[in-house]
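Coordinate inspection notes
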Amino acid sequence: MNKYLLYPGCSLESSAKAYAESLNAILEPLDIQLEEIEDWNCCGATEYLGINLIPAYSLIARNLALAVKQMDGAHTLVAPCSACYLNLAKADHYMQERPALGTKVNEALAAGGLEYKPGTLDVRHLLDVLIYDVGLDAIKKKVTRPLSGLKVAPYMGCMLPRPDYKHRWSDHEHPTELEDLLRVLGADVIDYPLTTSCCGGHMTQIGPETAFELICRLVAGADERGAHLMATVCPMCQLNLDAYQGEMNGYFGTDYHMPILFFTQLMGLAFGKDPDELGIGTELVSSRQALMHIGVEVPAAPEPTARRKKEEGLPMPSRLLRNGHKHEKEAVR
Amino acid sequence: MPQMTDERVRAGLMREEDLSLLHEVSMKTAGVSRLEMCIQCGTCGGSCPAAADMDHTPRMLFAMLRAGMREEVLRSNTPWICVSCYHCVVRCPQEVHIADVMYTLKSMAIRAKLYQDSTAPHFSQTFVGMVETFGRGFELGLASRHYLRYFPLRLPGMAPMGFGMITKGRMPLAPRKIKHMTQLKAILKRAKHLELTS
Ligand code: SF4
Ligand code: SF4
C-alpha cells in the first residue's frame, strides 16, 4: 500500500464534502493510504498573498512543517484542491528560489517551534498522483460500471496545470490527463478547448460581473458541445460553476443546467459505488438526469428551494431581502 | 534615461522615492519576479480573460511601474481584477512572475491606502481575519459579513443558493478551529514583525 500525506484544505470539510466522501470511497480499490496532516491550517487561498508576504508564506509553510513531522518514509504531500496545491507548491518553490524568503519564513516558524527545509516534500495534486503513481491501467482494472454514453466535459481549471513549477503536466493550456482518465472510466469525453480557462476564482465574491462572464463561457461551451455534465478537479471551480450557475443564469437571462461533479465522484460511479457514498446529490445543479445515461438512479432530492420562504436564506436582516424578486426566479433553479 | 528621470523629478512629475518603484515591487515579490525583464510585448494582456474589466493591462501597468507612477499604479484596479489564472505567466516570453507581482501590488496598495475598489480588499481582509482567528476558513461567516456590507442587493438572488448550500450540508454554521491556535498566532506575529522590519 502506498502511503501519502494529505492536506485536505478547508473546502473538503464544507462546500466540497462530496469531494472528500468520493475520495474516501476510491482509496481502498486503488490501494492508496492518505494520512491527514495533524492540525493543518488554512492555506490562505488567493487572499492572504495579497495582504502580507511573509505572514502568507508562513501560514502555508506551517502545514509543510507539520507534514514533515509525519513523513515516516512518505514524502509526497497530496492536495485535492488546486488552490491549496498551488499555494503549498509555491511556498516550497519560492523558499528555494529566494533563500532570503526561506530564511524569514523559518524565523517565523521558529516562533512556533517548527521549521521547514524547502524541497523536503514533494507537493502534488491528487489527479497527478492517481494518474502518474496509481496509473491508468490499474484504474481501468477497477472499472465495473463503465460510464459509456455519459458525455463529459473535462475541466482542469487554471491553478493545476499552471504555473506548473515542476513540469508535471503534458501541457499548460491543453493538458490531456483528465480526459485520459475519464476515457479509461468509459466516459464519452467531449472535445473541450476551454479545459484550462478560468472559473472566476474569488471574483464571484468581489466582482460578480467578471465572474459571471467566465462562468457562462465555460458552461455554455460545455453545453454547446453536448456535455451532460462537467468533471472538475478543484473545489473552487466546483463551487463557482455549480453554486453560482443559478445567479449567472439570472444575470444573463440564460437557462443552463450543467451539473458539475468531481472527477472522484465519476471514478466512484465507474467502480460501481453507490451515488450516496459519493456525495452525489449535494450539487446544487442536480446530476440526476445526466446520470440516467449510465443507468444510475439518484433518488430525487426533495427540492429545498421549491417551498422556500425568503427568510430562509443566509442569516440576515429581513430588510435586505425585500427587493430581490427580479433575480429570484432564475436563481432557484 | 537617468537624465530624463532626473528631469522629471526636477519638473515635479516624479518624486525621488518613485525612482525605485520597479525595484521595490520586485524586491517585495516572492521568488524572483523578473519584472525588470518585461519587453512590453503585450502577450499578457492578450491572454488575460479579465483584461476587459481592468483599468490597465498588465503590460501597461508594468510600463507605469517603470515610469515610477506610484500613485496611478496603486490606484489601478488591475491587481484586484486579476483572477490568478496564470495564463499570462506561462505565455510571457520573459517569464515575468506576473500573478505574483499582482499580489505584491495589492499588499502595497492596502498599505498605502490607495486602492480604489473597496470590496476586494475588504474581502481579502475579512478572509484573513477568519483564518487568523480560527486557523481555518469559515465560508458562512465570510459570506455573510462581506455580502451584507457590499452586496445587499445581491442577497435575495443568492438566498436560495445559501439555503441550498446549508441544507445540503455544504456550509457549516459554525467555524472549525485548529488545536494549536496559539502556535499559529505566534508564527504569524513573528512573521508580521519580520514583514515590517525587512
Ligand atoms: S507578456 Fe511578459 S514581457 Fe510581455 S508585456 Fe507582459 S510581462 Fe512584459
Ligand atoms: S494571471 Fe491575472 S493578469 Fe494574468 S492572465 Fe490571469 S487574470 Fe490576467
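Conventions and cut-offs
- Residues numbered from 1 in each chain as written.
- Chains lettered and ligands numbered in written order.
- Predicted model: local features only at pLDDT ≥ 70, side-chain atom pairs only at ≥ 80, totals over all residues.
- Heavy atoms only, no water.
- Contact = heavy atoms within 4.5 Å.
- Buried area = accessible area lost by both parts, 1.4 Å probe.
- Salt bridge = Lys/Arg side-chain N within 4 Å of Asp/Glu carboxyl O.
- Polar contact = N/O pair within 3.5 Å; in protein donor to acceptor, adjacent residues only side chain to side chain.
- Helix = DSSP H or I, 4+ residues; strand = E, 2+ residues; numbered from the N terminus.
- Nonpolar A, V, L, I, M, F, W, Y, C, P; charged D, E, K, R; others polar.
- Axes fitted to C-alpha atoms, helices over the stretch in contact; angles between N-to-C directions.
- Parallel < 35°, antiparallel > 145°, perpendicular 65-115°, else oblique.
- Left-handed = near helix turned anticlockwise from the far one by under 90°.
- Domains from an automatic or database assignment.
- Near = heavy atom within 4 Å.

**Considerations on the interface of chain B and chain A**
With 82 residues of chain B at the interface, the matching set in chain A holds 86 residues. Both faces considered, chain B and chain A share a buried interface measuring about 7500 Å² in area, 63% of it formed by carbon and sulfur atoms. On the surface where chain B and chain A come into contact, there are 6 salt bridges. When the shortest N-O distance is used, the salt bridge between A:Glu13 and B:Arg176 registers 3.4 Å. Our enumeration of links across chain B and chain A arrives at 33 residue pairs in polar contact (both at pLDDT 80 or more). Elements that contribute at least two residues to the side of chain B that touches chain A include exactly helix H2 (21–28), helix H6 (78–81), helix H7 (87–91), helix H8 (98–111), helix H9 (119–134), helix H10 (139–150), helix H11 (155–167) and helix H12 (181–197) of chain B. Of the residues assigned to the side of chain B that touches chain A, the class counts are 44 nonpolar, 21 polar and 17 charged.

**Quick word on the packing of helix H5 (residues 126–134) of chain A against helix H7 (residues 177–184) of chain A**
All names here are of chain A. Running from N to C, H5 and H7 cross one another at 60°; their axes reach a closest spacing of 11 Å. Judged by the inter-axis angle, H5 sits oblique to H7. In this structure, H5 crosses over H7, and the sense of that crossing is left-handed. Contacts from Leu 127, Ile 131 and Tyr 132 of H5 reach H7 at Glu 177, Leu 178 and Leu 181. Among the residues making up the contact of H5 with H7, the classes are represented as 5 nonpolar, no polar and 1 charged.

**Focus: the domain arrangement of chain B**
Domain assignment breaks chain B into domain 1 (6–112) and domain 2 (119–197). Each of domain 1 of chain B and domain 2 of chain B has a C-alpha centre, and these two points are 28 Å apart.

**Regarding the site of ligand 1**
Residues and elements named next belong to chain B. Looking at ligand 1, there are 14 residues lining it, with Cys 38, Cys 41, Gly 42, Cys 44 and Cys 92 nearest. Counting only elements with at least two residues in the shell around ligand 1, the list comes to helix H3 (43–47) and helix H4 (58–66). Taken together, the residues that form the shell around ligand 1 break down as 9 nonpolar, 4 polar and 1 charged.

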